[in-house]
Amino acid sequence: MYAKFFKRFFDFTLSLLALIVLFPILLVLIIIGAIAMKGNPFFTQLRPGKIDKKTGKEKIFKLIKFRTMSNAKDKDGNLLPDEVRLNKYGKFLRSTSLDELPELINIVIGDMSLVGPRPQLVRDMVFMTAEQRKRHTVRVGLTGIAQVNGRNCISWEDKFVWDLKYVENITFVGDCRIIFQTVLKVLKRSDTVREGTVSDVDFGDWLVQEGKVNKVEYDNKQREARELMMK
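Conventions adopted
Residues numbered from 1 in each chain as written. Predicted model: local features only at pLDDT ≥ 70, side-chain atom pairs only at ≥ 80, totals over all residues. Heavy atoms only, no water. Phe/Tyr/Trp six-rings, centres within 6.5 Å; stacked < 30°, edge-to-face > 60°. Helix = DSSP H or I, 4+ residues; strand = E, 2+ residues; numbered from the N terminus. Buried < 20%, exposed > 50% of the residue type's maximum accessible area, 1.4 Å probe, protein only. Lys NZ or Arg CZ within 6 Å of the ring centre and 35° of its normal. Salt bridge = Lys/Arg side-chain N within 4 Å of Asp/Glu carboxyl O. Contact = heavy atoms within 4.5 Å. Expected span 1.5 Å × (residues − 1). Arc of directions from axis to C-beta.

Asks: Help me out: how do you make sense of the packing of aromatic side chains in this one?
Replies: Between two aromatic rings, the relevant description is the distance of the centres plus the angle of the planes. For the coordinates displayed, the defined rule picks out 10 aromatic pairs. Considering the side-chain rings of W156 and F160, the 5.8 Å spacing of their centres and the 40° angle between planes classify their relative orientation as tilted. In this pair, W156 and F160 are both assigned in helix α7 (residues 156-168), 4 residues apart and thus about one turn of the helix distant. Summarising the burial analysis for this pair, W156 and F160 share the class buried. Aromatic rings pair up to connect Y2, F9, F10 and F172 into one cluster. Against the face of W156 rests K159, its NZ or CZ located 4.4 Å from the ring centre.

Asks: Any chance you could explain the pattern of salt bridges here in plain terms?
Replies: Pairing of side chains with opposite charge becomes possible as their charged atoms draw close. In this structure the tally under the stated criterion is 14 salt bridges. The partner of D202 in a salt bridge is R123, and the shortest N-O contact between them spans 2.6 Å. With D202 in the loop between α8 (172-188) and α9 (203-209) and R123 in helix α6 (residues 122-125), the pair connects residues that are 79 residues apart, well separated along the chain. On the accessibility criterion, D202 (17% relative accessible area) is buried.

Asks: Honestly, the environment of L79 in this entry has me stumped. Any pointers?
Replies: With respect to the helices, strands and loops of the structure, L79 is situated in the loop between β2 (58-66) and α3 (82-85). Given the relative accessible area of 46%, L79 is considered partly exposed. Measuring from C-alpha to C-alpha, the distance between L79 and V140 comes to 29 Å, with 61 residues separating the pair along the chain. Once residues lying within four places of it in the same chain are set aside, the contact partners of L79 are N71, A72, K73 and R85.

Asks: In this structure, what is going on with helix α2 (residues 23-36)? I would like to understand it.
Replies: For the α-helix, the turn length of 3.6 residues means that residues three or four positions removed from each other point alike. When the terminal C-alpha atoms of α2 are compared, their 20 Å separation across 14 residues agrees well with the 20 Å that a helix rising 1.5 Å per residue should span. All of the buried residues along α2 are L26, L29 and G33. Buried residues in α2, looked at end-on, bunch into an arc of 60°, giving them a common side. If you follow the buried residues of α2, they end up packed against α1 (2-21), β2 and α4 (88-96). At the exit of α2 stands K38, carrying a positive phi of roughly 55°.

Asks: Which parts of the structure should I look at to understand α8?
Replies: In this model, α8 (17 residues) spans 25 Å end to end at C-alpha, consistent with the 24 Å of a helix rising 1.5 Å per residue. Looking at α8, one finds that the buried residues are G174, D175, I178 and T182. Along the axis of α8, the buried residues cluster in a sector spanning 95°; they form a single face. In this structure, α8 carries V173, F180, L187 and K188 as exposed residues pointing more than 90 degrees from its buried face. Its buried side turned inward, α8 meets α1, β3 (112-115), β4 (140-143) and α7.

Laid out in structure tokens, this is it:
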């Protein structure tokens, strides 16, 4: 009953209220971000969302976040490594999770929910099994059960296990518990990044490292992801 009729109402109401209350903070972050990043303070990226019942495929939407890495390039016009482009301001945004605040707009629009499986990359989605993609039978979330059970410090497979566990039993009490636990995680600044890394490894790259996908399969899946993003 909650998941089908009330969850979207709460998502819209609470995210709109949050945008209004947090507007002064958002404005400050926009100004500081424009200076720190020498340009557009926002970062947008195509992500897979909830499966459309008509098409049977995930809706690809544009995720909105605050930019944490600059667009610095080398002499050949190629982006510099993540660890070079991630400046102090970007690290601050990530450690405090403030970079996620613009996703409240995605929630108001209806692309996302306050609680649900985190929206992964399109190039991650194409490597998921049919079972793992059941995570997309609900709206993806600003936070989720995997985020309060290790976030970036657990394996990809564990993330999907947690996501599917959430999808199977969505309750109001459960969502409230996840939101409360998320607030505690944010205040503690825990599990924001895997130890020894700047940005977590993509799912496909992880599968290659684990020897679960060969080079031919990897290249084919990357091509599939590019085609999906061009539609």
